[in-house]
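Commentary on secondary and tertiary structure
So you can see what is in the structure, the chains are spelled out below.
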Amino acid sequence: MTTESAVTTSETTSREVVLKVNNLKKYFPIRRGVFQHHVGDVKAVDGVSFNVYKGETLGLVGESGCGKTTTGRTIIRLYEPTEGQVDFQGVDLATLSGRELRKTRRKIQMIFQDPYASLSPRMNVLNIVGEPLEIHHIVNTPGEKKDRVAELLEMVGLDPAFMNRYPHEFSGGQRQRIGIARALALDPELIICDEPISALDVSIQAQVVNLLEELQEKVGLTYIFIAHDLSMVRHISNRVAVMYLGKIMELTDRETLYTNPLHPYTEALLSAVPIPNPAVEEKRQRIILEGDLPSPAKPPKGCNFNTRCPKAFDRCFEEEPTLVEVEEGHYCACHLVQPSK
Amino acid sequence: MADHTIQPASEHLLEVKNLTTRFYTEEGVVHAVNGISYTLDEGDTLGVVGESGCGKSVHALSIMRLIPIPPGKIEAGEVLFRGQNLLDLSENEMRRVRGAEIAMIFQDPMTSLNPVKTIGFQIIEALKLHQGMDKQQARERTAELLHLVGIPEAEQRLDDYPHQFSGGMRQRAMIAMGLSCNPNILIADEPTTALDVTIQAQIIELVKRLQHQLGMTVIWITHDLGVVAGLAQRVNVMYAGHIIESGAVKRIYENPHHPYTVGLLGSLPSVGTRKPGRLYSIPGEPPDLIGDQKGCPFAPRCTYKVERCAYEMPPLEEIEPGHIVACWEKDKVRKA
């Protein structure tokens, strides 16, 4: 695959591109029977392309099973990509191996959803946060490690005196802070935040989001923020990509997406989110989608959204729409939406 | 609305008085629900909101008498349903109340449905037991119920097992089961938390429609202030086992007077508008409910706290008609 999609080529603005994902695919094979015949694929990520610019937060939203988490994990090579390129600072992460991969991957870190499952219960905070420092030979003595870990804990708002404690002694919000400290340890350029707040209580969510924003300003980080909470994504993201069944349906800047969504799926998704204001809720007209998400093992023919789309017509069942630039920086994959030029 | 003529013992459909539930665990006594009181009238939708550990689910399980004893114990209080105290009933009598008078649906339908029995069987069983229907009647009624909650080809789906249903369909089946005996009150404990937003919207729309059709009274327990805004007329905000603010949904959202409610509402981003700058955040963590509770449980996180808060729990007092708040400084508290 050498052809680049519309998304990654046409954006020739002056902004520096940190990550360029091109036609990324991740299929999980379905095997059956004694001989484990390959009978099909779960197309978790099916040809996803986007750019991430330096210092921005790109929101990746969609319902469960839409492939947003798999996209994040495939970028960082926790899953081997089936196809496509992941261009990070001039190197293709998708084909790197061994030492080279490890060296480059330092610059991309991940924060996980479940702060209870993502920290080893047998390691204390010093070792959890300090482990990456040792692996990459950033610190050489125990004293250096301690100093750096203390510095990192302070950055995320934890008392360095907690260094010798174990994860079970912390609350969910504090554990997520430990996870963030570990992600920061190697001075990354890009952090992939995979639903970092969805396991936390409402009053703690705002604390963690504020911390992420502060760190972004202080250290100049770039984020890919994966979430299903569209309200929080609106708050934190500069641009937002909406995924459905392994594909990007719409991608544009925050304000445009939330005030002028073009894709029928984005419209329905936004209208389904409850708004914490009874006066607004009273007057709201909801678009209620019928049915459930189809299985990514058997996506429908034509447009992936055609089984639930209130606006689907003949062509949607025949031909798959491609993601095209409708207005500057606004991409949409729908037969009903045509470029204005 | 309450009909005063046909309910002689109590003018309310449900009246919870000073309900107190504790758990006696090895780590100590967990003060899960600390003397909550409220009333519910026919046709009402009451939202109960709060974070994990605030006692909102335990309060519902206490009403249903589904608290595991031990370690749990309902220490004090009354739950008057049509004037009768449910806490005084024998286990046999209570079994007749559950399902037939008050039904409950849970967050995770997969753990509430029996995985080795068909969906149809599980509802038919309830109908035969509670309504005394024969097999054929029960089967027809079940198909009707599944149709009512929007399961397509309901007759064919009766013989499916829970794993053959999607998450949204399982929750619909749970609701059908809850409705099967025409309960007066439906208690929904975070029924949409595990679901995607588009499916959540379907379920909320369904409950609203059913309420309209059947005149059901609903208690909707959730941590999501957005869901309550669109669904309930009244809301109880809970914190550390106390109701700390209660009133009409519109008033609470427009004019909250407890620092916790103010903080919660302020910390929520909205999909409809974007406030520039940082989100308001409540400092600190929810309290540990083990051990003796003294003073206002929110005091350690509160920006309005005064000396008194540390040792004396403020009573719920009316700040405007029908709007009660438990805060010593309630007159000073303003929306963030």
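Residues numbered from 1 in each chain as written. Chains lettered and ligands numbered in written order. Predicted model: local features only at pLDDT ≥ 70, side-chain atom pairs only at ≥ 80, totals over all residues.

When its secondary structure is counted, chain B shows 11 helices and 12 strands. In terms of overall dimensions, chain B is globule-like: its C-alpha atoms have a radius of gyration of 21 Å, near the 20 Å expected for 336 residues. Taken along the three principal axes of its C-alpha coordinates, chain B extends 65 × 50 × 45 Å. A sequence separation of at least 24 residues applies to 64% of the contacts in chain B between residues at least 6 apart. (Helix = DSSP H or I, 4+ residues; strand = E, 2+ residues; numbered from the N terminus. Rg over C-alpha atoms; globule rule 2.2 N^0.38 Å. Contact = placed C-beta atoms within 7 Å.)

All right, on to the domain arrangement of chain B then. All names here are of chain B. Once the domains are mapped, chain B shows domain 1 (14–101 + 184–325) and domain 2 (110–182). Here the C-alpha centre of domain 2 lies 29 Å away from the C-alpha centre of domain 1. Contacts between the two partners involve 11 residues from domain 1 and, on the opposite side, 12 residues from domain 2. At five residues, helix α8 (residues 197–214) tops the list of elements feeding residues into the side of domain 1 that touches domain 2. Along the lines of polarity and charge, the residues of the side of domain 1 that touches domain 2 split into nine nonpolar, two polar and no charged. (Domains from an automatic or database assignment. Nonpolar A, V, L, I, M, F, W, Y, C, P; charged D, E, K, R; others polar.)

With that settled, consider the sheet that holds strand β2 (residues 28–40) of chain B. Residue and element names in this part refer to chain B. In spatial order, the strands read β2-β1-β4-β5; together these four strands make up an open sheet with antiparallel pairing. In this open sheet, the two edge strands, each paired with only one partner strand, are β2 and β5 (84–85). Here strand β4 (residues 72–81) runs beside β5; their pairing, made up of two bridges, is antiparallel. Each bridged residue has a counterpart across the sheet, and for Leu80 the counterpart in β5 is Asn85. (Pairing = 2+ DSSP bridges.)

Here we come to the pairing of β2(B). Residues and elements named next belong to chain B. Where strand β1 (residues 14–25) lies against β2, 10 bridges are found, and the strand directions are antiparallel. Residue pairing for β2: Glu15 is matched across the bridge by Thr39. Remark: two residues form the turn of the hairpin made by β1 and β2, two consecutive strands paired antiparallel.

Residues and elements named next belong to chain A. The strand order across the open sheet built from four strands is β2-β1-β4-β5, with neighbouring strands paired in antiparallel fashion. The strands lining the two open edges of the sheet, one partner per strand, are β2 (37–53) and β5 (91–92). Pairing of strand β1 (residues 17–32) with β2 involves 13 bridges; the strand directions are antiparallel. Pairing of Ile30 across the sheet is with Gly40, part of β2.

Further remarks concern the interface of chain B and chain A. Contact residues are listed per partner, giving 39 residues for chain B and 36 residues for chain A. Mapped onto the side of chain B that touches chain A, the elements with two or more residues apiece are α8, α9 (225–231), α10 (249–254) and α11 (259–267) of chain B. Take the side of chain B that touches chain A: its biggest share by element is seven residues, from α8(B). Looking at the side of chain B that touches chain A, its residues break down into 17 nonpolar, 14 polar and eight charged.

This part is about helix α2 (residues 68–75) of chain A. Residue and element names in this part refer to chain A. Burial analysis of α2 places seven of its eight residues in the buried class, which makes it a mostly covered element. Regarding α2, the residues found buried are Lys68, Thr69, Thr70, Thr71, Gly72, Thr74 and Ile75. Downstream of α2 by one or two residues, Arg77 has phi in the positive range, about 65°. (Buried ≥ 20, exposed ≤ 12 C-beta atoms within 10 Å, placed from the backbone.)

Moving on, we come to the confidence of the model for chain B. Residue and element names in this part refer to chain B. Across chain B, pLDDT averages 87, with 97% of residues at or above 70. The model gives residues 1–8 a pLDDT under 50, and that stretch makes 12 contacts with residues more than four places away or in other chains. Complex prediction metrics read pTM 0.85 and ipTM 0.81. (pLDDT = per-residue confidence, 0-100.)

Glycine aside, residues mostly have negative phi, and peptide bonds are mostly found in the trans state. Looking along the chain, the bond that leaves B:Ile69 and enters B:Pro70 is cis, with omega of -20°. Within the secondary structure layout, B:Pro70 lies in the loop between α1 (56–63) and β4. In the segment running from B:Pro70 into B:Pro71, the intervening peptide bond is cis, with an omega of 5°. If you trace the backbone, B:Pro71 turns up in the loop between α1 and β4. Notably, A:Leu245 is not glycine yet its phi reads approximately 50°, a positive angle. Relative to the assigned elements, A:Leu245 resides in the loop between β9 (239–244) and β10 (247–253).

Secondary-structure assignment places A:Asp159 in the loop between α5 (142–155) and α6 (172–184). In this structure the C-alpha to C-alpha distance between A:Asp159 and A:Val91, which are 68 residues apart in sequence, comes to 38 Å.

We now examine the nonpolar core. Residues A:Phe225, A:Val242, A:Ile248 and B:Val228 are the most contacted members of the largest nonpolar core, which totals 185 residues. A domain split of this core shows at least three residues from each of domain 1 (14–101 + 184–325) and domain 2 (110–182) of chain B. Setting aside anything within four residues of it in sequence, one finds A:Val242 in contact with A:Val61, A:Gly62, A:Ile248, A:Met249, A:Glu250, A:His263, A:Tyr265, A:Thr266 and A:Leu269. (Core = buried A, V, L, I, M, F, W, Y, C linked by C-beta atoms within 7 Å.)

Residues and elements named next belong to chain A. Pairing geometry for strand β11 (residues 324–327) and strand β12 (residues 330–332), over three bridges, is antiparallel. In the sheet register, Val324 faces β12, and the bridge partner there is Cys332. Hairpin connection of β11 to β12: two residues between the antiparallel strands, including Gly329 at a positive phi of 75°.

A word on α11(B). Most of α11(B) is tucked away: eight of the nine residues are buried. By the burial criterion, the buried members of α11(B) are B:Pro259, B:Tyr260, B:Thr261, B:Val262, B:Gly263, B:Leu264, B:Leu265 and B:Ser267. On its buried face, α11(B) is in contact with α7 (202–219) of chain A together with α9, β9 (234–239), β10 (242–248) and α10 of chain B.

Moving on: the packing of helix α10 (residues 264–272) of chain A against α8(B). Direction vectors running N to C along α10(A) and α8(B) enclose 55°, while the axes themselves pass 8 Å from each other. Judged on the interaxial angle alone, α8(B) and α10(A) are oblique. In this structure, α10(A) meets α8(B) at a crossing whose hand is left-handed. Here A:Ala268, A:Leu269 and A:Ala272 of α10(A) come into contact with α8(B), specifically with B:Val197, B:Thr198, B:Gln200 and B:Ala201. Looking at the contact of α10(A) with α8(B), its residues break down into five nonpolar, two polar and no charged. (Axes fitted to C-alpha atoms, helices over the stretch in contact; angles between N-to-C directions. Parallel < 35°, antiparallel > 145°, perpendicular 65-115°, else oblique. Left-handed = near helix turned anticlockwise from the far one by under 90°.)

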